[in-house]
Amino acid sequence: MDIRQKIYICLVCAFVTALVVADIIGGKFVSLGPITLPVGMIPFPITFLLTDLINEYYGKRAARRATYLGLVMAGFAFLMILLARHLPVSPKSPLSQGVYDQVFGASNRLYIASLSAYLVGQLLDIFVFTQLKKLTAGKHLWLRATGSTLISQVIDSFMVAYLQLNGVVLADGTTATFGFILQIVATGYTIKFFIAIGLPPLIYAGHEVLHYLFKLKPLTVSEDQ
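A brief report on the enclosed structure follows. Predicted model, so just to flag it, every value in this text is computed and none were measured. For every chain, the first residue of its written sequence is number 1, and the numbers climb from 1 along that sequence. The model is predicted, so local features are restricted to residues of pLDDT at least 70 and side-chain atom pairs to those at 80 or more, both for listing and for counting; the totals for chains, interfaces and linings are taken over all residues. Excluded from the side-chain calculations are hydrogens and water; all other atoms, namely the structure's heavy atoms, are used.

The next point concerns empty space enclosed by the protein. A cavity here means a set of points on a 1 Å grid, drawn over the protein atoms and nothing else, where a 1.4 Å probe fits but cannot get out; a pocket is an open set with protein on both sides within 12 Å along at least five of seven lines, and a residue lines either one if it has an atom within 4 Å of a point. Grid points are joined across faces, edges and corners, and a volume is the space filled by probe spheres set on the points. Inspection of every chain in the model, using the stated rule, returns two cavities of 30 Å³ or more. One number sums up the size of the largest cavity: a volume of about 270 Å³. Lining the largest cavity are 22 residues; nearest its centre among them are Pro38, Met41, Phe44, Val160 and Lys192. Think of it this way: any DSSP run of H or I at least four residues long counts as a helix, any run of E at least two long counts as a strand, and we number them from the N terminus. Broken down by secondary-structure element, the contributors of at least two residues to the lining of the largest cavity are helix H1 (3-25), helix H3 (97-135), helix H4 (141-165) and helix H5 (178-198). The residue inventory of the lining of the largest cavity, partitioned by class, reads 12 nonpolar, seven polar and three charged. Computed from the structure, the second largest cavity encloses a volume of approximately 50 Å³. Taken together, Phe44, Thr47, Phe48, Tyr118, Gly121, Gln122, Gln153 and Asp156 form the lining of the second largest cavity. Residues are sorted three ways: Asp, Glu, Lys and Arg are charged, Ala, Val, Leu, Ile, Met, Phe, Trp, Tyr, Cys and Pro are nonpolar, and all the rest, Gly among them, are polar.

In structure tokens:
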């Protein structure tokens, strides 16, 4: 196994870890002043960064492969959580069945919503990234990295919020309305917008590390076919 393959494995492992962690912790919403958002938003910028680096250095097929692998591993984690919830609880368990279900039961719907939005969003991101790379003849890394994220996250943000919250009773006893869902979508996308704008320096930094430290070369447009 050469260094290029080893780095690809490391990038995919980091990508899958960020994805699964985001799904597991995403059932909690936090308030930052007037802003309400799920804590799953914390690891997601890492997935944007890694997807673009994989796409840049290994091509669209390798990026899709990482996407499908992430989907399978997240689905496996979902099944393990489901199994854990349905196993009989011990009288000596530090967590009661009710508390355990309250936390991880809410994650079931989040998982389905998140994975559906993830698959659509990731494949769209890869497609837009590749098309922008062709249009710019492999130049302007910042443009394809930012543009692909901004476009794909419109769909991702709406899908995950709608599938997770539609008809759900909130902590204050009210049912999530379409207006509330749109508010969550707008808030989430606004944050993702600024993240996407701020990511290019990190992408260029990753680009330099892979290029100069590990001597990797990005795929050209003709190679990524």
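Read on, since the account is not over.
Whether two aromatic rings pair depends on their centres lying within 6.5 Å, for rings of Phe, Tyr and Trp, where Trp uses its six-membered ring; planes under 30 degrees apart make the pair stacked, over 60 edge-to-face, and the rest tilted. With the rule as written, the count across this model stands at seven aromatic pairs. Considering the side-chain rings of Tyr8 and Tyr58, the 5.0 Å spacing of their centres and the 50 degrees angle between planes classify their relative orientation as tilted. Here Tyr8, found in helix H1, pairs with Tyr58, found in helix H2 (residues 44-86); they are 50 residues apart in sequence, far enough to count as distant. For every residue, the accessible area obtained with a 1.4 Å probe (protein chains only) is divided by the maximum for its type, and the residue is called buried under 20%, exposed over 50%, and partly exposed between those limits. Residue class for Tyr58 comes out buried when judged on its relative accessible area of 14%. Here the aromatic rings of Phe158 and Phe178 are separated by 6.5 Å at their centres, their planes lie at 75 degrees, and the arrangement is edge-to-face. Within this pair, whereas Phe158 is found in helix H4, its partner Phe178 is found in helix H5, the two being separated by 20 residues in sequence. Residue Phe158 is classed as partly exposed on the basis of its relative accessible area of 32%. Residue class for Phe178 comes out partly exposed when judged on its relative accessible area of 45%. By the ring-pair criterion, three or more aromatic residues cluster together here, those being Phe158, Tyr162 and Phe178.

We now examine unusual backbone geometry. A negative phi holds for most residues other than glycine; trans holds for most peptide bonds. Positive phi values are uncommon outside glycine, yet Ala137 reaches one of about 55 degrees. Among the secondary structure elements, Ala137 is positioned in the loop between H3 and H4. Assessed through its relative accessible area of 56%, Ala137 is described here as exposed.

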